[in-house]
Amino acid sequence: MASVSPAEKRRLLSETPFFAAFPPAQRDALAAHLTERSHDDGDTVFLRGDESTSLMIVASGRVALRLTSPQGREILLAILEPGEIFGEMSLLDGRGRSADAVAFGPCRLLSLDRRDMLPVLRESPEACIRLLELLSTRLRRTSDQLEGVALMTLPSRLARLLLTLSETHGARDAGGEVLLPLALSQRDLGQLIGASREKVNLQLGRWSAEGLLRRQDGALVICDTEGLADIADIGAP
């Protein structure tokens, strides 16, 4: 991947939702402190517990955040897209990473160290509010995941996930079908809802037979959004 130029770094910050509200002069000053790193698919960006004080920005590609138990079981917390940031907890408290981060395909990341970001937070109430909003969003997402695993049936959890993905990444055609272009395997889907690959495969097969969804060139297509919404709402098997 080509190196990111200073102008490109400034542009990326201006298009990143978290930094977009910052004054241009403030963004340009931060852009000057960004360092770049590139990763191939499957590379470890960092592991839970690693010492670090930096916030990271996805410039291109995707990054998966996950937790791994001592027994090797994994829970996929999120898949971050270009423009999203992560590592904000270590930036704030200077402590170790709270989860593993892995490249989900080739990706390019920009890193901003705590020593460069804290002065901005001290001087800018707006920057602090933006960071609090980000942390609140992440906490709500985690609470929703825990609620799903603890209280909802697998079909409900999977239906809710597919509907969420359709809202954030889906492409709806004139007939109302929604294409999910994300390259998520059944294992990935299972990790996002706390289920095995085999159970996800079985449920997707049932829904395909019922006409709720179908496969197209390796991707999933939601044929009946309302049907999935009913399953997500009432937990129907």
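Residues numbered from 1 in each chain as written. Predicted model: local features only at pLDDT ≥ 70, side-chain atom pairs only at ≥ 80, totals over all residues. Heavy atoms only, no water.

Description of the pairing of strand β11 (residues 213-216)
With four bridges connecting them, β11 and strand β12 (residues 219-222) associate as antiparallel partners. When the sheet's bridge partners are listed, Arg 214 is paired in β12 with Val 221. From the end of β11 to the start of β12, which pair antiparallel, there are two residues, and Asp 217 there has a positive phi angle of about 55°. (Pairing = 2+ DSSP bridges. Helix = DSSP H or I, 4+ residues; strand = E, 2+ residues; numbered from the N terminus.)

So, the sheet that holds strand β7 (residues 100-103)
The strand order β2-β7-β4-β5 describes an open sheet built from four strands, whose pairing is antiparallel. The outermost strands of the open sheet, each flanked by one partner alone, are β2 (44-46) and β5 (74-80). Each adjacent strand pair in this sheet contributes to an overall mean axis angle of 30°, direction not counted. Two strands pair when backbone bridges link them, and β2 and β7 are joined in this way by two bridges, in the antiparallel orientation. Bridge pairing in β7 places Thr 44 opposite Val 102. (Axes fitted to C-alpha atoms, helices over the stretch in contact; angles between N-to-C directions.)

A closer look at the packing of aromatic side chains
According to the stated counting rule, one finds four aromatic pairs in the structure shown. Note on Phe 46 and Phe 86: the rings are 5.8 Å apart at their centroids and 35° apart in plane angle, and the pair reads as tilted. You can see Phe 46 sitting in strand β2 and its partner Phe 86 sitting in strand β6 (residues 85-86), a full 40 residues away along the chain. Each member of the pair, Phe 46 as well as Phe 86, carries the same accessibility label: buried. In this structure an aromatic cluster arises from ring pairing among Phe 18, Phe 19 and Phe 22. The cationic tip of Arg 97 hangs over the ring face of Phe 46; the distance from NZ or CZ to the ring centre is 4.2 Å. (Phe/Tyr/Trp six-rings, centres within 6.5 Å; stacked < 30°, edge-to-face > 60°. Buried < 20%, exposed > 50% of the residue type's maximum accessible area, 1.4 Å probe, protein only. Lys NZ or Arg CZ within 6 Å of the ring centre and 35° of its normal.)

With respect to the packing of helix α7 (residues 154-169) against helix α8 (residues 186-193)
For the pair α7 and α8, interaxial distance at closest approach is 10 Å and the crossing angle is 110°. On the basis of the axis angle, α7 is roughly perpendicular to α8. Mapping the contact onto sequence places Leu 154, Arg 157, Leu 158, Leu 161 and Leu 165 in α7 and Leu 189, Leu 192 and Ile 193 in α8. The residue inventory of the contact of α7 with α8, partitioned by class, reads seven nonpolar, no polar and one charged. (Parallel < 35°, antiparallel > 145°, perpendicular 65-115°, else oblique. Contact = heavy atoms within 4.5 Å. Nonpolar A, V, L, I, M, F, W, Y, C, P; charged D, E, K, R; others polar.)

As for the pattern of salt bridges
Enumeration over the complete set of coordinates arrives at seven salt bridges. When the shortest N-O distance is used, the salt bridge between Arg 11 and Glu 8 registers 2.5 Å. In this pair, Arg 11 and Glu 8 are both assigned in helix α1 (residues 6-15), three residues apart and thus about one turn of the helix distant. One salt bridge in this structure joins Glu 198 and Arg 197, with 3.3 Å as the shortest N-O distance. On the accessibility criterion, Arg 197 (40% relative accessible area) is partly exposed. One salt-bridge network, in which partners are shared between bridges, spans Glu 8, Arg 11 and Glu 15. (Salt bridge = Lys/Arg side-chain N within 4 Å of Asp/Glu carboxyl O.)

Brief notes about the nonpolar core
Across soluble globular proteins, nonpolar side chains show a tendency to be buried alongside one another. Judged by nonpolar contacts, the single largest core of 28 residues is most densely connected at Leu 162, Leu 189, Leu 204, Trp 207 and Leu 228. Leave out the neighbours within four places in its chain, and Trp 207 touches Pro 155, Leu 158, Ala 159, Leu 162, Leu 212, Leu 213, Leu 228 and Ile 231. Among the nonpolar cores identified, the runner-up in size contains 23 residues, and Ile 57, Ile 85, Leu 118 and Ala 127 belong to it. (Core = buried A, V, L, I, M, F, W, Y, C linked by side-chain atoms within 4.5 Å.)

Some details on the pairing of strand β3 (residues 54-60)
Within β3, six of the seven residues are buried, leaving the element largely enclosed by the surrounding structure. Of the pairings in the sheet, the one linking β3 to strand β8 (residues 107-113) comprises six bridges and is antiparallel in character. When the bridges of β8 are listed, Leu 55 appears paired with Leu 112. Pairing of β3 with β6 involves two bridges; the strand directions are antiparallel. Note that in β6 the partner of Ile 57 across the bridge is Ile 85.

Distances and angles like these do not, on their own, reveal function.
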